[in-house]
Structure formats: structure tokens, C-alpha cells
Amino acid sequence: MTCGGIMLNRFVMTIQTLALPTLPFDQFLSYAPSWEEVAAFLAVVAYGVLLYSFTYRYTTIFPQEKELGV
């Protein structure tokens, strides 16, 4: 939940900086994530993929699978 909140916070900040300025004296801002933010996001995704793959491999959803010789 913490990592999800951090990613949502970064996403909201990205969307806000991509908005066009509405007042004549506002500057146009842009945002690009740093490599640390990209690495943290990819680490969370990789953890999810690993968790899913280990769950698929080591838990039996259908107990009859062993009888079928799969």
C-alpha cells in the first residue's frame, strides 16, 4: 500500500506538471522521473510478477491435477 501510494503521488505530480498554464504569468513546467523512481516502480512490478509465479507454481488450485499426471 505504501509503494502504491508513492506511485500514485508521483503520477499525480506528473499529470499536474503536464497541464497547460492558465494564467499569463505562469510558466510551462515539465517533469521526467529520475532513474531511482523508475527503478522503484520496476522493483514493485517485478516483486508482483515473482509473487504471482511462485504462487502459481507452489499452490494447488485444483487438487485433481496430481491424479491426471500433469
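Given the structure is predicted, the values throughout are model-derived calculations rather than measurements.

## Quick word on the overall build of the chain
A tally of helices and strands in the chain yields three helices and zero strands. Taken from N to C terminus, the helices and strands of the chain fall in the order α-α-α. Split into buried and exposed, the 70 residues of the chain put 1% on the buried side. A total accessible area of about 6700 Å² is found for the chain, and carbon and sulfur atoms account for 71% of it.

## Digging into the pattern of salt bridges
Once their charged atoms are close, side chains differing in charge can pair, the charge on each being opposite to the other. One pass over the full model with this rule turns up one salt bridge. In this structure, E37 engages R10 in a salt bridge whose closest nitrogen and oxygen atoms are separated by 2.9 Å. With a gap of 27 residues between them, E37 in helix α2 (residues 35-58) and R10 in helix α1 (residues 2-18) connect regions that are remote in the sequence. Note on R10: relative accessible area 26%, which makes it partly exposed.

## Considerations on the confidence of the model for the chain
Residue-level pLDDT values for the chain average 80, and 86% of them are 70 or greater. Mean pLDDT across the elements of the chain bottoms out in helix α3 (residues 65-68) (61) and peaks in α2 (92).

## Quick look at a nonpolar patch on the surface
Together, L8, F11, V12, I15 and L18 make up an exposed nonpolar region whose accessible area comes to about 480 Å². Topologically, L8 is positioned in helix α1.

What counts and how
Residues numbered from 1 in each chain as written. Predicted model: local features only at pLDDT ≥ 70, side-chain atom pairs only at ≥ 80, totals over all residues. Heavy atoms only, no water. Helix = DSSP H or I, 4+ residues; strand = E, 2+ residues; numbered from the N terminus. Buried < 20%, exposed > 50% of the residue type's maximum accessible area, 1.4 Å probe, protein only. Areas by Shrake-Rupley, 256 points an atom, 1.4 Å probe, with all protein chains shown as cover. Salt bridge = Lys/Arg side-chain N within 4 Å of Asp/Glu carboxyl O. pLDDT = per-residue confidence, 0-100. Patch = residues over 30% accessible without salt bridge, like charges linked within 9 Å, V, L, I, M, F, W, Y side chains within 5 Å.

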